[in-house]
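Observations on the model geometry
Each chain, written out:
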Protein chains: 2
Amino acid sequence: MTDRLSSQFAFLDEIDRLKAIERATPIGDNSRPENSAEHSWHIAMYALVLADHAGPEVDISRVIKMLLLHDIVEIDAGDMPIHMAHDAEAHAAKEAAAAERLFGLLPADQAAEFRAIWTEFEAAESADAVFAKSLDRVQPLLQNLAVGGGSWIDYNVTMDQIDTRVGVKVNRGAPRIWQFVRARVAPFFSASR
Amino acid sequence: MTDRLSSQFAFLDEIDRLKAIERATPIGDNSRPENSAEHSWHIAMYALVLADHAGPEVDISRVIKMLLLHDIVEIDAGDMPIHMAHDAEAHAAKEAAAAERLFGLLPADQAAEFRAIWTEFEAAESADAVFAKSLDRVQPLLQNLAVGGGSWIDYNVTMDQIDTRVGVKVNRGAPRIWQFVRARVAPFFSASR
Ligand SMILES: [Ca+2]
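Calculation rules
Residues numbered from 1 in each chain as written. Chains lettered and ligands numbered in written order. Predicted model: local features only at pLDDT ≥ 70, side-chain atom pairs only at ≥ 80, totals over all residues. Heavy atoms only, no water. Least-squares fit on C-alpha atoms with pLDDT ≥ 70 in both. Contact = heavy atoms within 4.5 Å. Helix = DSSP H or I, 4+ residues; strand = E, 2+ residues; numbered from the N terminus. Buried < 20%, exposed > 50% of the residue type's maximum accessible area, 1.4 Å probe, protein only. Polar contact = N/O pair within 3.5 Å; in protein donor to acceptor, adjacent residues only side chain to side chain. Buried area = accessible area lost by both parts, 1.4 Å probe. Salt bridge = Lys/Arg side-chain N within 4 Å of Asp/Glu carboxyl O. Nonpolar A, V, L, I, M, F, W, Y, C, P; charged D, E, K, R; others polar. Pairing = 2+ DSSP bridges. Expected span 1.5 Å × (residues − 1). Core = buried A, V, L, I, M, F, W, Y, C linked by side-chain atoms within 4.5 Å.

Chain A carries the name Putative hydrolases of HD superfamily in an unreviewed UniProt entry, which gives Aliiruegeria lutimaris as its organism.

Below, the structure written as structure tokens:
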């Protein structure tokens with residue numbers, strides 16, 4: 001049992017480093033970039049609050065678990081901003097190695113369980129993963145909106161790009177939420193570009 | 001439905017401010033104080049990872065919800081370090097007012113639900129709340145240990161105080177975890193004081 005706790009605390013100590021991984025979007029007062037740990041908390045709260053907009057086949061407790069651990073690979077692989085051009089295959093390989101190392105700190109049964117949940121999230125096929133991905137993509141829009149542009153300005157983003165890179169995917173898992181958020185976001189782009 | 005989403009997003013936008021609430025403990029690389037949003041993520045991960053050390057009557061999904069929202073009142077009331085002398089009654093009143101205002105941004109049914117979960121956490125009587133409180137108290141010990149003292153040094157804390165202010169409560173909800181963590185923490189105090 002002590003061995004089990006040793007592995008569990010080795011993991012819990014190590015994931016503290018997610019607090020130092022910076023994202024492209026700022027926090028709401030625009031004072032600094034958001035980090036991936038507080039982002040993970042925020043989208044877990046999105047899941048808790050927006051649960052009633054998920055389909056009946058979605059298990060919100062699983063979605064929350066998925067969102068809590070989905071970014072842990074960034075400790076080794078870094079955050080990849082959605083609007084930044086990159087080699088998707090190379091980045092995916094980096095994340096897979098990160099999942100091996102980081103979840104591998106846990107006892108074997110938990111390592112396998114966490115890796116499976118992370119893989120399910122990445123695959124974006126199950127109902128839980130599709131809803132979780134929708135929330136993960138929608139939160140940065142509202143962060144950018146709150147600060148008058150944020151990473152939209154840094155990456156020179158257009159409403160068309162929002163629709164194709166974000167909208168299509170949010171719409172799959174949470175069409176009502178997408179309709180609502182799109183209506184809030186669109187005026188920024190018609191006003192500024 | 002749009003009204004419901006408006007209230008839900010008003011709440012989700014507002015709670016972004018938890019990312020600016022500083023705690024007494026530092027993050028693991030000792031570069032800055034931990035904020036309450038990333039702390040909430042970290043202890044939700046504690047619950048996920050340490051679930052197998054909870055009693056059979058504990059519902060881990062409820063514990064995770066509780067931990068995700070337990071610190072939101074700090075947006076208005078601030079964080080009160082456990083080792084800092086303070087007027088407990090005045091602080092509790094501030095937190096109750098904060099819960100009214102912040103959870104009150106949500107649709108009425110959710111406002112009532114979140115307030116009830118927060119009240120249950122604060123009361124520390126149900127099995128879920130007792131386990132949640134144990135994790136909330138244990139994480140700062142490991143943060144302080146990681147940085148060679150942290151808020152223990154700022155507040156001149158002794159092992160006796162750790163035992164009475166933290167140990168008794170962690171022991172109630174998670175005796176095996178307390179035994180393990182106490183053994184890790186105790187050498188710091190015998191070496192340095
Ligand atoms: Ca993410």
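1. Some points on the relation of the copies chain A and chain B
Screw-axis analysis of chain A against chain B gives a translation of 0.0 Å along the axis, an RMSD of 0.0 Å, and a rotation angle of 180 degrees. In the structure described here, the two chain copies are related by an operation that fits a two-fold rotation axis. Comparing interface residues between copies, 100% of those in chain A also sit at the interface in chain B, which points to an isologous, same-surface contact.

2. A word on unusual backbone geometry
Excluding glycine, residues mostly have negative phi values, and the peptide bonds linking residues are mostly trans. Phi is positive for Ala124 of chain A, close to 50 degrees, though the residue is something other than glycine. Inspection of the secondary structure assignment puts Ala124 of chain A in the loop between α6 (108–123) and α7 (127–146).

3. Observations concerning the side chain of Asn144 of chain B
Residue and element names in this part refer to chain B. Following the sequence through the fold, Asn144 ends up in helix α7 (residues 127–146). Accessibility expressed as a relative area gives 2% for Asn144, which makes it buried. Reaching out from Asn144, the side chain makes a polar contact with the backbone nitrogen of Ser151 at a distance of 3.0 Å. Excluding residues that lie within four positions of it along the chain, Asn144 makes contacts with Thr25, Pro26, Gly149, Gly150, Ser151 and Trp152.

4. Considerations on the interface of chain A and chain B
With 51 residues of chain A at the interface, the matching set in chain B holds 51 residues. Here chain A packs against chain B, burying approximately 4,300 Å² in sum over the two surfaces, 70% of which is carbon and sulfur. Taken as a group, Phe9, Lys19 and Trp41 of chain A account for 18% of the area that chain A buries against chain B, more than any other trio of residues on that side. The interface formed by chain A and chain B includes six salt bridges. Across the salt bridge formed by Asp52 of chain B and Arg4 of chain A, the nearest N and O atoms sit 2.5 Å from each other. On inspection of chain A and its partner chain B, the count reaches 29 residue pairs in polar contact (both at pLDDT 80 or more). Of all elements in the fold, only α1 (2–14), β2 (33–35), α2 (36–49), α3 (60–69), α6, α7 and α10 (175–192) of chain A reach the threshold of two or more residues within the side of chain A that touches chain B. Taken together, the residues of the side of chain A that touches chain B sort by class into 27 nonpolar, twelve polar and twelve charged.

5. A few points about the pairing of strand β1 (residues 22–26) of chain B
As a general feature of sheets, a regular strand has side chains that alternate between the two faces. Residues and elements named next belong to chain B. In this sheet, strand β2 (residues 33–35) lies alongside β1 in antiparallel orientation, the contact comprising two bridges. Counted as the bridge partner of Pro26 is Pro33 from β2. Taking the residues that link successive antiparallel strands as the turn, the β1-β2 hairpin has six residues, and the phi of Asn30 there is positive, at about 60 degrees.

6. Quick word on helix α6 (residues 108–123) of chain B
Here α6 of chain B contains 16 residues, and its C-alpha end-to-end distance of 22 Å stays within 8% of the 22 Å for a straight helix at 1.5 Å per residue. Restricting attention to buried positions, one finds in α6 of chain B the residues Gln110, Ala111, Phe114, Ile117, Trp118, Glu120 and Phe121 of chain B. Buried positions along α6 of chain B lie against α2 of chain A together with α1 (2–14), α3 (60–69), α5 (88–103) and α7 of chain B. Immediately beyond the C-terminal end of α6 of chain B, within one or two residues, lies Ala124 of chain B, with a positive phi of roughly 55 degrees.

7. Topic: the nonpolar core
Ranked by size, the top nonpolar core spans 121 residues in total, and within it Met45 and Ile72 of chain A together with Met45 and Ile72 of chain B carry the most contacts. In this structure, Ile72 of chain A is in contact with Phe11, Ile15, Leu18, Leu102 and Phe103 of chain A together with Trp41 and Met45 of chain B, ignoring residues within four places of it in sequence.

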